[in-house]
Each structure stands twice: as structure tokens, then as C-alpha cells.
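# A structural walkthrough
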Amino acid sequence: MTEPAPDTTAASAAAAARHADRYGTKPPARRVWLLALLGVGVLVAGLGVAFLGFQKYGPKAIETEQLGYVVVDDSTLTVRMKITRDEPQRDVVCIVRAMDRDTAEVGRREVLVPGSEHTSLEVTTTVKSSSRASAGDIYGCTEDVPGYLRLG
């Protein structure tokens, strides 16, 4: 004697109903617009970081390189430096420092580098110090030349 087979359609309908009650009837919506928006945001952030990095670490209008220094005596230091400019015809002022063993500044001088036809120039300057200097340093250069240093 064979037993009647259970009604599989009724069992699967009941299982589907339980599934719908638990998880809902709609399949999860794909949020393509959210992924696209996220991709655009990452791209904009990357471009912003690249721009800021180029501003900070990219080529500068004035590049300086210290070629050496010589302690002449207890109150004098001679500093050699190389200055490279994007616009060589413009005047530049550089601040050169003399420092003691503790890296305290003991002398300072503003050096006017007049415009020329050459993009790179070697300049030697003398810095007077209040005590014996141990090292020389180029603090920085700018195209904003104060009026008291201008020629003519």
C-alpha cells in the first residue's frame, strides 16, 4: 500500500510565505547611483590631495642650494650659495644666517641678488656675527624685495 505523496506545492507556498514574512518580498535594490557617487567622491579627493602635494613639494619659483661656508674669524662667516630662479630678470632677496654650536642664530644678513640673464647664479656673501659661528644657513629667498635693498 502506497501512501499518498504530500502536497509539495502547499509546502513550498508555506515556505515562501515564511520567507516573505521574514525578509520581505522585494529583492534588495542595487544602489548603482550610490557606488557612482562614492567613486566620484574618491576621484575628487584624490585630485585634491595631488594638487596640495604639488603645491607643497612641486617645483618652486626660487630654489637655493648651499655650496659651503668658511668661518673666517670669531665674528665673520662667508657663505657660498647657488640660486636658481624661474624668472631670472627679477630681483631676489635671500636671508643668510650664522649659527653657533647650539644652532642659535648669532648673525644674519639680507643679500640682494639682482636680476640677470642667467637662471642660476653662484653668490658668496659675508655675515658678521656676535660670537663665533659654527655653521652657515640659507633661511630662505623671496621676490618681495624691501625698498631699502632696491638698486637705483
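Read on for an overview of the structure. These numbers come from a predicted model, not from an experiment.

Reading the values: the criteria
Residues numbered from 1 in each chain as written. Predicted model: local features only at pLDDT ≥ 70, side-chain atom pairs only at ≥ 80, totals over all residues. Heavy atoms only, no water. Pairing = 2+ DSSP bridges. Helix = DSSP H or I, 4+ residues; strand = E, 2+ residues; numbered from the N terminus. Axes fitted to C-alpha atoms, helices over the stretch in contact; angles between N-to-C directions. Contact = heavy atoms within 4.5 Å. Polar contact = N/O pair within 3.5 Å; in protein donor to acceptor, adjacent residues only side chain to side chain. Disulfide = S-S within 2.5 Å.

### Some words on the pairing of strand β1 (residues 62-73)
Note that β1 and strand β2 (residues 76-85) share 10 bridges and pair antiparallel. Its bridge partner lying in β2, E63 is registered against T84. Linking β1 to β2, which pair antiparallel, is a turn of 2 residues.

### Digging into the sheet that holds strand β5 (residues 120-128)
Ordered in space as β1-β2-β5, the 3 strands form an open sheet in which the pairing is antiparallel. Looking along the sheet, the strands with just one partner apiece sit at the ends: β1 and β5. Ignoring strand direction, the axes of neighbouring strands in this sheet form an average angle of 20°. Judged from the 9 bridges that link them, β2 and β5 form a sheet pairing that is antiparallel. Residue pairing for β5: M81 is matched across the bridge by V123.

### Considering the environment of V70
By the secondary structure assignment, V70 is in strand β1. Linking V70 and R80, residues 10 residues apart in sequence, is a C-alpha distance of 8.7 Å. Apart from the residues within four sequence positions on either side, V70 is in contact with T76, L77 and T78.

### Quick word on the environment of D100
Locating D100 in the fold gives a position in the loop between β3 (92-99) and β4 (105-113). When the C-alpha positions of D100 and S134 are compared, they lie 4.8 Å apart, and in sequence the two are 34 residues distant. In this structure, D100 is in contact with V106, R132 and S134, ignoring residues within four places of it in sequence. Only 3.1 Å separates the side chain of D100 from the backbone nitrogen of D102, close enough to count as a polar contact. A polar contact is formed between the side chain of D100 and the backbone nitrogen of A104, at a distance of 2.9 Å.

### Section: the state of the cysteines
For the structure shown, the criterion picks out 1 disulfide. Each sulfur in the disulfide pair C94 and C141 lies 1.9 Å from the other. What sets the handedness of the C94 and C141 disulfide is the S-S torsion sign, and at about 110° it is right-handed. Here C141 lies in strand β6 (residues 135-142) and C94 lies in strand β3, a separation of 47 residues in the sequence.

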